[in-house]
Amino acid sequence: MQLGKVVGTLVSTRKEESMQGLKFLVVKDIDVQGQETGKSVVAADVVGAGVGEVVLYATGSSARQTAVTKDRPCDAVIMAIVDEWEVDGELKYRKVSAEAEWAS
Amino acid sequence: MQLGKVVGTLVSTRKEESMQGLKFLVVKDIDVQGQETGKSVVAADVVGAGVGEVVLYATGSSARQTAVTKDRPCDAVIMAIVDEWEVDGELKYRKVSAEAEWAS
Amino acid sequence: MQLGKVVGTLVSTRKEESMQGLKFLVVKDIDVQGQETGKSVVAADVVGAGVGEVVLYATGSSARQTAVTKDRPCDAVIMAIVDEWEVDGELKYRKVSAEAEWAS
Amino acid sequence: MQLGKVVGTLVSTRKEESMQGLKFLVVKDIDVQGQETGKSVVAADVVGAGVGEVVLYATGSSARQTAVTKDRPCDAVIMAIVDEWEVDGELKYRKVSAEAEWAS
Amino acid sequence: MQLGKVVGTLVSTRKEESMQGLKFLVVKDIDVQGQETGKSVVAADVVGAGVGEVVLYATGSSARQTAVTKDRPCDAVIMAIVDEWEVDGELKYRKVSAEAEWAS
């Protein structure tokens, strides 16, 4: 899975029929230090993620292993909202109530 | 899914039999700011996208999860035409009637 | 699918049993302007492509969606020979009888 | 499979239901010389790997071929802890009891 | 499939149960000119490849299409030992008895 930050939303009214009802979020990749990598993806959301939240997303056929995305032409899904992670014993990120807190 | 801009069409008469009838479009990748990334792909179209439109495409096995591409050697499919998206609260793109409008 | 130019052939006598009889071609990736990208792949051929021809190839599980490659450890297949494509209304490539013609 | 070094842990309480109980580890890719490549991934762990250990991880649908990850939206799994490897006849890494030893 | 050169071996005693008995080889990617690309992979071997040999390997779900790797968390398999290939009519590599010969 990749770490990403939800930065926006995307609207599409004309899409493959089975994609009706899926919520699309715009996600920027971040690395394990919390820095943006320059890559981005549009992912379906199945966990109720919001703009500003740090998430994990899965790609490829794994993105279809949810009730919502099964058998759909969907290759990226947000499957977890991140609470915190640490690297080499240092806290890199912790979600605080409504807002995120980045360890410096 | 990746954002892309349809820039052209591709014709092939000699192809794997199951690919007969599929429409191939040439797509340039764009990032969430709307800038071209330098990557491109040739994708099958199942939503009636036209040159100049901004689309979402899915890759890998997910590209075969449509009635038109099922069980075919197709690894990229345009599955949505983008109406608009925003990043950090700013509108980055909105489709206007027949033409697209880019937010500056 | 990716655009590529067939540049050569590859011979292997000692291979996984199910791969017997498959023809391997060496393919250089080209972008939508017709320029080499520096990437290359060895692909199975199911459409009778020859050296010098511009082709489309599919990767991943999609490469196994042909009668010839089904259930084989094959992750790249040439599934179409390109006749022509255009970008932004300009012809970028047209196959002419036995030889290819590049638009300048 | 890719070589990686486990550098940390990640916690998520709000995630796709089927992901409950999976342990997420933060992994930095390393190349065959043992150098970090700059890429990273968050992987599910099915072999009891710990921070500091060098592991192999598998991606894509292959990441779901374990009892723990089957049918889940999981696209990266640590499936082996590395004891040692060598390149061109030279030992590059050997795990020593609780700590790893890098050949210089 | 990608071209690679087998440069070493890797040992893991603690691994996902179904991976028992698989032989892991360290492979450096080479391009169609025979030059290393800087990428590498650890692949399962199903054709008896040895260090120094030039091989083809398949990735993703295609890596599981052999009797040995079926239903295992394996995403890269060496499925052919290369005898020779040519590019633009020039021989780039030919395997000679026990040793490989590179065309200059």
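Residues numbered from 1 in each chain as written. Chains lettered and ligands numbered in written order. Predicted model: local features only at pLDDT ≥ 70, side-chain atom pairs only at ≥ 80, totals over all residues.

1. Details of the overall build of chain A
- When helices and strands are counted, chain A shows zero helices and nine strands.
- Going residue by residue from the N terminus, the α and β elements of chain A occur as β-β-β-β-β-β-β-β-β.
- Scaling as 2.2 N^0.38, a compact globule of 104 residues should have a C-alpha radius of gyration of about 13 Å, and chain A matches this with 14 Å.
- In terms of overall dimensions, chain A has a C-alpha envelope of 45 × 25 × 25 Å along the principal axes.
- Expressed as a percentage of the 104 residues in chain A, the buried residues total 56%.
- A sequence separation of at least 24 residues applies to 47% of the contacts in chain A between residues at least 6 apart. (Helix = DSSP H or I, 4+ residues; strand = E, 2+ residues; numbered from the N terminus. Rg over C-alpha atoms; globule rule 2.2 N^0.38 Å. Buried ≥ 20, exposed ≤ 12 C-beta atoms within 10 Å, placed from the backbone. Contact = placed C-beta atoms within 7 Å.)

2. Digging into the interface of chain D and chain A
- Each partner contributes to the interface: chain D provides 26 residues, whereas chain A provides 27 residues.
- Looking at the side of chain D that touches chain A element by element, the count peaks at five residues for strand 1 (residues 2-11) of chain D.
- The class makeup of the residues in the side of chain D that touches chain A is eleven nonpolar, seven polar and eight charged. (Nonpolar A, V, L, I, M, F, W, Y, C, P; charged D, E, K, R; others polar.)

3. Observations regarding the relation of the copies chain E and chain C
- Of the transformation superimposing chain E on chain C, the axial component is 0.0 Å and the angular component is 72 degrees, with the fit at an RMSD of 0.0 Å. These values place the two chain copies in the arrangement generated by a five-fold rotation axis.
- Looking at chain E, a mere 11% of its interface residues are interface residues in chain C too, so the copies touch through different faces. (Least-squares fit on C-alpha atoms with pLDDT ≥ 70 in both.)

4. Focus on the relation of the copies chain D and chain A
- The two copies are related by a screw motion: chain D maps onto chain A through a turn of 72 degrees and a shift of 0.0 Å along the axis, at an RMSD of 0.0 Å.
- In this assembly, only 12% of the residues forming the interface of chain D have copies in chain A that are likewise at the interface, indicating a heterologous arrangement.

5. Details of the pairing of strand 7 (residues 84-87) of chain E
- Residue alternation in strand 7 of chain E divides its side chains into a buried set, E:Trp85 and E:Val87, and an unburied set, E:Glu84 and E:Glu86.
- The pairing of strand 1 (residues 2-11) of chain C with strand 7 of chain E spans four bridges and is antiparallel. In the strand pairing of strand 7 of chain E, C:Leu10 is matched with E:Trp85.
- Pairing of strand 7 of chain E with strand 8 (residues 90-96) of chain E, which is carried by four bridges, proceeds in the antiparallel orientation. Among the inter-strand pairings, E:Trp85 is bridged to a residue of strand 8 of chain E, identified as E:Tyr93. (Pairing = 2+ DSSP bridges.)

6. Some remarks on the interface of chain E and chain C
- Listed by partner, the interface residues are 27 residues for chain E and 26 residues for chain C.
- Listing elements by their share of the side of chain E that touches chain C, those giving two or more residues are strand 1 (2-11), strand 5 (54-59), strand 6 (76-81) and strand 7 of chain E.

7. Structural notes on unusual backbone geometry
- With a phi close to 50 degrees, D:Asp88 is a non-glycine residue in the positive phi region.
- Looking at the secondary structure, you find D:Asp88 in the loop between strand 7 (84-87) and strand 8 (90-96).
- Using a count of 12 C-beta atoms within 10 Å as the deciding quantity, one classes D:Asp88 as exposed.
- Although it is not a glycine, E:Asp71 sits at a positive phi angle of roughly 60 degrees.
- Locating E:Asp71 in the fold gives a position in the loop between strand 5 and strand 6.
- C-beta crowding within 10 Å serves as the criterion here: with 10 such atoms nearby, E:Asp71 is assigned to the exposed category.

8. Quick word on the nonpolar core
- Of all hydrophobic cores here, the largest spans 175 residues; its most connected members are A:Tyr57, B:Tyr57, C:Tyr57, D:Tyr57 and E:Tyr57.
- Residue contacts for E:Tyr57: discarding those within four places in its chain leaves E:Met1, E:Gln2, E:Gly4, E:Val27, E:Val41, E:Ala43, E:Ala76, E:Val77, E:Ile78 and E:Met79. (Core = buried A, V, L, I, M, F, W, Y, C linked by C-beta atoms within 7 Å.)

9. Structural notes on the environment of B:Val51
All names here are of chain B.
- The topology assignment puts Val51 in the loop between strand 4 (36-45) and strand 5 (54-59).
- Residues Val51 and Thr13 lie 38 residues apart in sequence; the distance between their C-alpha atoms is 21 Å.
- Those residues in contact with Val51 that sit more than four places away from it in its chain are Val6, Val7 and Gly8.

10. So, the pairing of strand 5 (residues 54-59) of chain A
All names here are of chain A.
- For strand 5, the tally of buried residues reaches six of six residues, placing the bulk of the element in the interior.
- Along strand 5, one buried face is formed by Val54, Leu56 and Ala58 and the opposite face, lined by Val55, Tyr57 and Thr59, is buried too.
- Sheet topology note: the strand 5/strand 6 (residues 76-81) ladder contains five bridges and is antiparallel. Among the inter-strand pairings, Val55 is bridged to a residue of strand 6, identified as Ile81.

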